[in-house]
Amino acid sequence: MNTPIDIICVGSVLWDVIGRAPVPMKRGYDVAGRITRLPGGVALNIAMTLRGFGITPALLSVVGDDAEGRALMAACSARGLVMDHVLRAPDLPTDRYMAIEAANGLVAAIADAHSLEAAGDDILRPITHGPLGSAQHPYGGVIALDGNLTPQLLSEIAQSPLFADADLRIAPASPGKAERLLPFAQAGRGTLYVNLSEAELLCGHAHECAQSAGLALVARGAARAIVTNGDQMAADVCNAHTYTGTPRQVDAKRITGAGDTFMAAHIAAELRAAPAINRSVALERALEAAATYVSGETPK
């Protein structure tokens, strides 16, 4: 592969099927709306947002060698993403995610990432056995991980010397998978990107704000925790300093992918600023990107 890459995104690459209704919904409702299909998955959402900031990501994931998989690979390549290292599985279907969103927020969602789980550590071979890295030459750049990987694989990554030199950025994918990030907190490795409810699950108790939750995560051993709380104050906490910021208030037009957009924008801001990273500015830029995404506005 000749294309230079700036970051590796590891995790789910799938089709998002999203139904959106302009009115509030409850269980059992049947209303008019719009249904769209577009490339998605936490790792892919992060990669696509990074590409929008002029950063070139490579994906490590699995895609079925089926019609849906071929269409997905083509759509990703057309967006300027490096797909050379994605595992093509002839015996596995391409993963999918389905969600229903309404005026009152996310109604329900189902993530079918069984192929990613079945592939296991096979998706990591380009970074553990070359060409992106190896035991002799571990990858030392930024890696974005998502919690759709199995608990066992995430635990192995958190402890493996193959990832000791990497700048790990980890997201849980959903509150139901938040506890999969515990090995990273216990190992004191990586930056955790979580919302308040996910942070509370990792801490084992409730917190009144993002800053309090972030401080608790660091006290539990996390090297760094970035905690969001919807339209309330967010916090970036590590042992040395704490930074906070409040997102711009907007009318929510879409929800799925907002956390991925925040994480990608934050990583992009820090990659561009390195080595003199201004963490306060990075947090502000990430919050603004997420607000723009949620509002449905066109980024400036």
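All figures in this text were calculated on a predicted structure; none of them were measured in a lab.

A. Quick peek at the overall build of the protein chain. What the protein chain contains, in helices and strands, is ten helices and 14 strands. Since a compact globule built from 300 residues should have a radius of gyration of about 19 Å, the 18 Å found for the protein chain is in line with a globular shape. Taken along its principal axes, the extent of the C-alpha atoms in the protein chain is 55 × 50 × 35 Å. Residues classed as buried in the protein chain amount to 51% of the 300 residues present. Contacts spanning at least 24 positions in sequence make up 66% of the contacts within the protein chain whose residues lie at least 6 apart. Here the protein chain carries 24 positive and 30 negative side-chain charges, and the mean point of each set is 5 Å from the other.

B. Structural view of the sheet that holds strand 4 (residues 57–60). Across the sheet, which stays open at both edges, the eight strands sit in the order 4-1-9-10-11-12-13-14 with mixed pairing between neighbours. Only two strands of the sheet have a single partner each, and these edge strands are strand 4 and strand 14 (242–245). The mean angle between the axes of side-by-side strands here comes to 15°, regardless of whether they run parallel or antiparallel. Examined bridge by bridge, strand 1 (residues 7–10) and strand 9 (residues 142–146) share four bridges and lie parallel to one another. Its bridge partner being in strand 9, isoleucine 7 is matched across the sheet by valine 142.

C. How the structure looks around the sheet that holds strand 8 (residues 105–112). Taken together, four strands build an open sheet; the order of strands is 3-2-7-8 and the sheet is mixed. Two strands close off the open sheet at either side, each with one partner strand: strand 3 (34–40) and strand 8. Sheet twist, expressed as the average angle between the axes of neighbouring strands with direction ignored, equals 15°. Alignment of strand 2 (residues 14–20) against strand 7 (residues 96–102), held across six bridges, turns out to be parallel. If you follow tryptophan 15 over to strand 7, its bridge partner there is arginine 96. The sheet strands contacting helix 1 (residues 42–52) are strand 2 and strand 3, and the helix crosses strand 3 at an angle near 80°. Those strands touched by helix 2 (residues 67–78) are strand 2, strand 3 and strand 7, and its axis lies near 90° from that of strand 2.

D. Here's a closer look at helix 1. Of all eleven residues making up helix 1, eight are buried, and the element is well covered by its neighbours. In the stretch just after helix 1, glycine 54 is the one whose phi turns positive, near 85°.

E. Structural context of the pattern of salt bridges. As enumerated under the stated definition, the model contains eleven salt bridges in all. Here arginine 20 and glutamate 101 are joined by a salt bridge, their closest N and O atoms 3.0 Å apart. Placement of arginine 20 in strand 2 and of glutamate 101 in strand 7 is noted, with a sequence separation of 81 residues between them. Across the pair aspartate 236 and arginine 224 runs a salt bridge whose closest N-O atoms are separated by 2.8 Å. Remark: arginine 224 occurs in strand 12 (residues 224–229) and aspartate 236 occurs in strand 13 (residues 232–238); sequence separation between them is twelve residues. The exposure class of arginine 224 is buried, given its relative accessible area of 12%. Here the salt bridges do not stand alone but share partners, grouping Asp167, Arg169, Arg224, Asp236, Glu270 and Arg279 into one network.

F. Geometry of the nonpolar core. Counting residues in each nonpolar core, the largest one holds 43 residues, and the members touching the most others are Val10, Ile127, Ile143, Leu145, Leu149, Phe184 and Leu217. A per-element tally of this core places helix 8 (residues 210–219) first, with five residues. Each residue touching phenylalanine 184, except ones within four places of it in the same chain, is listed here: Leu145, Leu154, Ile157, Ala158, Leu168, Ile170, Arg189 and Leu192. In terms of nonpolar packing, the next biggest core, distinct from the first, is built from 36 residues, Ala47, Leu72, Cys76 and Met263 among them.

G. The arrangement of the pairing of strand 10 (residues 167–171) in detail. Most of strand 10 sits inside the fold, with four of its five residues counted as buried. Where strand 9 and strand 10 come together, five bridges link them in parallel fashion. When the sheet's bridge partners are listed, isoleucine 143 is paired in strand 10 with leucine 168. Each parallel crossover has a hand, and the one from strand 9 via helix 5 (residues 151–159) to strand 10 is right-handed. With respect to chirality, the unit in which strand 10 leads through helix 6 (residues 182–187) into the neighbouring parallel strand 11 (residues 191–195) is right-handed.

H. Focus on the layout of surface pockets. Volume-wise, the largest pocket comes out at about 1,300 Å³. In terms of lining residues, the largest pocket is bounded by 48 residues, among which Asn195, Ile255, Gly257, Ala258 and Gly259 are the most central. Of all elements in the fold, only strand 2, helix 1, strand 8, strand 11, helix 7 (196–203), strand 12, helix 9 (258–273) and helix 10 (279–295) reach the threshold of two or more residues within the lining of the largest pocket. Partitioned by chemical class, the residues of the lining of the largest pocket number 27 nonpolar, 14 polar and seven charged.

I. Here's a closer look at the packing of aromatic side chains. One pass over the full model with this rule turns up zero aromatic pairs. Its guanidinium or amino end placed over the ring of tryptophan 15, arginine 37 lies 3.8 Å from that ring's centre, counting from NZ or CZ.

Rules of the game
Residues numbered from 1 in each chain as written. Predicted model: local features only at pLDDT ≥ 70, side-chain atom pairs only at ≥ 80, totals over all residues. Heavy atoms only, no water. Helix = DSSP H or I, 4+ residues; strand = E, 2+ residues; numbered from the N terminus. Rg over C-alpha atoms; globule rule 2.2 N^0.38 Å. Buried < 20%, exposed > 50% of the residue type's maximum accessible area, 1.4 Å probe, protein only. Contact = heavy atoms within 4.5 Å. Lys, Arg positive; Asp, Glu negative; His and termini not counted. Charge placed at Lys NZ, Arg CZ, Asp CG, Glu CD. Pairing = 2+ DSSP bridges. Axes fitted to C-alpha atoms, helices over the stretch in contact; angles between N-to-C directions. Salt bridge = Lys/Arg side-chain N within 4 Å of Asp/Glu carboxyl O. Core = buried A, V, L, I, M, F, W, Y, C linked by side-chain atoms within 4.5 Å. Right-handed = clockwise from strand over helix to strand, strands pointing away. 1 Å grid on protein atoms, 1.4 Å probe; cavity = no way out; pocket = protein on both sides within 12 Å on 5 of 7 lines; lining within 4 Å. Points joined across faces, edges and corners; volume = space filled by probe spheres on them. Nonpolar A, V, L, I, M, F, W, Y, C, P; charged D, E, K, R; others polar. Phe/Tyr/Trp six-rings, centres within 6.5 Å; stacked < 30°, edge-to-face > 60°. Lys NZ or Arg CZ within 6 Å of the ring centre and 35° of its normal.

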